[in-house]
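Each chain, letter by letter, is given below.
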Amino acid sequence: MVTFTNLALAALAGYAAAHPGESHSAHHMKRELVARDNAAQVGARSLNSCSSSAASQALKARSIKRRAEIVKNIRKKRGIQAPARKNKRTLEELEAWEAVNHNMTGTYDYDMFTALEDVFSANTSCILAPEVTDGPYYVVGEKMRSNVKEALYSDGVDLFLEVQYIDVNTCEPVPAVAVDIWNCNATGTYSGISTSGNYASGGYNSTYLRGIQLTDNDGVASFETIFPGHYSGRAVHTHLLSHTNATVEPNGTISVWNAPVSHIGQLFWPEDLRAEVETTYPYTTNTVALTTNDEDQWAILQADASYDPFPQYVYLGDDISDGLFAWIQIGINASADYSEDDYYGIAAYLDAEGGHSTGYSVGGGSGGGNGTGNGTSPSGFPSGSQSGALPSSTSA
């Protein structure tokens, strides 16, 4: 169970708006935390009953091989000769998470001589992931693409991210999950949104650092993005949102309108890694006040006794400027649907005519049944979005 310290309760009470247009009740967040902690424990028990099966062990073996090959291929493509550095997550790095035990999934003793295959045998806890807000900046209709970087506003430390979805009831991968990813750029601005506190160049028509992929037969979606910057009121994080039963259209696009929402989550990053990244350009030009992990409102919700929201990662070379490869397994209930959740909402959508605001804002009671804001296709919206068909495998 999550223990509510005085610090945690004070933090909950003090948060009003992490993004402009986002506000939440401290009491509501506390109830959500308790409920999701219980749900994660149920998911953990379900996984424990099937994690030793032959199919589960075979999946793990394939995952280890895939991750090692991806990193080797990236290094070869980029001409990186220096040994890849391995991160060493320690207990001390996790103490700020309100005394929550994350199963110690991040404590390893790696050095430059550790085989990549040994490193990639480590999985962040694959447990029924707590659902947290998608934030007020979720956009439907993003391009189906693995590389979400664009020519402008995407400079930063390259991050190759692998996300794998596992059904907590069967320990089997979940294919054909439509996975949206988005994060702010190095200076703290999101694309696709034009509102007070976040005026993206190009406004609702901008798409940098956003994209969608379908998971392959091993439940994997891979993205090439950048390590996110920071902005006022939030720790550094990466958004993920997944839909099941999305519709693949005849033109090769995919529609997530009215499709079940199977997971709403955010990935967090260790403070020492964040500090190292932010010594490089253009992160050095970000003058916004920093919010740490233990000060972040959603870190309190996302972290629970059975789930570790930190991805595993390795440096692609011996310097942060060479980039990072990170991976995480996320356990989901494949039959769940969070589209009516208070924390799910669509801020904008893209169609053939460009980007459009829905007028939705998270919190304040406007979620859950707010028309287009919670996933209902707007009148006249063409079927499909800028997405694509189920891949047989993924690669960087």
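Residues numbered from 1 in each chain as written. Predicted model: local features only at pLDDT ≥ 70, side-chain atom pairs only at ≥ 80, totals over all residues. Heavy atoms only, no water.

Student: Help me get a handle on the confidence of the model for the protein, residues and values and all.
Tutor: The predicted model of the protein averages 74 in pLDDT, with 62% of residues at 70 or higher. No element of the protein has a lower mean pLDDT than helix α1 (residues 6-14), which averages 33, and none a higher one than strand β7 (residues 220-226), which averages 97. Confidence over residues 1-17 falls short of pLDDT 50; this stretch has 37 contacts with residues more than four positions distant or in other chains. Taken together, the stretch residues 363-372 has pLDDT below 50 and engages in 20 contacts with residues farther than four places along the chain or on a different chain. (pLDDT = per-residue confidence, 0-100. Helix = DSSP H or I, 4+ residues; strand = E, 2+ residues; numbered from the N terminus. Contact = heavy atoms within 4.5 Å.)

Student: So what's going on with the pattern of salt bridges? Residues and values would help.
Tutor: Once their charged atoms are close, side chains differing in charge can pair, the charge on each being opposite to the other. Inspection of every chain in the model, using the stated rule, returns 12 salt bridges. Where Arg-210 meets Glu-142, a salt bridge forms, and the shortest distance between an N and an O atom there is 3.9 Å. Of this pair, Arg-210 sits in strand β6 (residues 210-214) while Glu-142 sits in the loop between β1 (139-140) and β2 (158-167), and the two are 68 residues apart along the sequence. According to the relative accessible area criterion, Arg-210 is buried, its value standing at 1%. You can call Glu-142 buried: its relative accessible area is 2%. Two residues, Glu-224 and Lys-149, come together in a salt bridge whose shortest N-O distance is 2.9 Å. Residue Glu-224 is found in strand β7, and its partner Lys-149 is found in the loop between β1 and β2; the two are separated by 75 residues along the sequence. Overall, the relative accessible area of 21% leaves Lys-149 in the partly exposed class. Beyond isolated ion pairs, a larger network of salt bridges with shared partners links Arg-62, Arg-66, Arg-67, Glu-162 and Asp-218. (Salt bridge = Lys/Arg side-chain N within 4 Å of Asp/Glu carboxyl O. Buried < 20%, exposed > 50% of the residue type's maximum accessible area, 1.4 Å probe, protein only.)

Student: Go over the pairing of strand β14 (residues 348-351), please, and point to the residues and values.
Tutor: Side chains Ala-348 and Leu-350 of β14 all project onto a buried face; the interleaved residues Tyr-349 and Asp-351 project onto the opposite face, where all are buried too. Note: β1 against β14, 2 bridges, orientation parallel. In the strand pairing of β14, Val-140 is matched with Tyr-349. Counted along the chain from β14 to the antiparallel partner strand β15 (residues 354-357), the turn is 2 residues long. (Pairing = 2+ DSSP bridges.)

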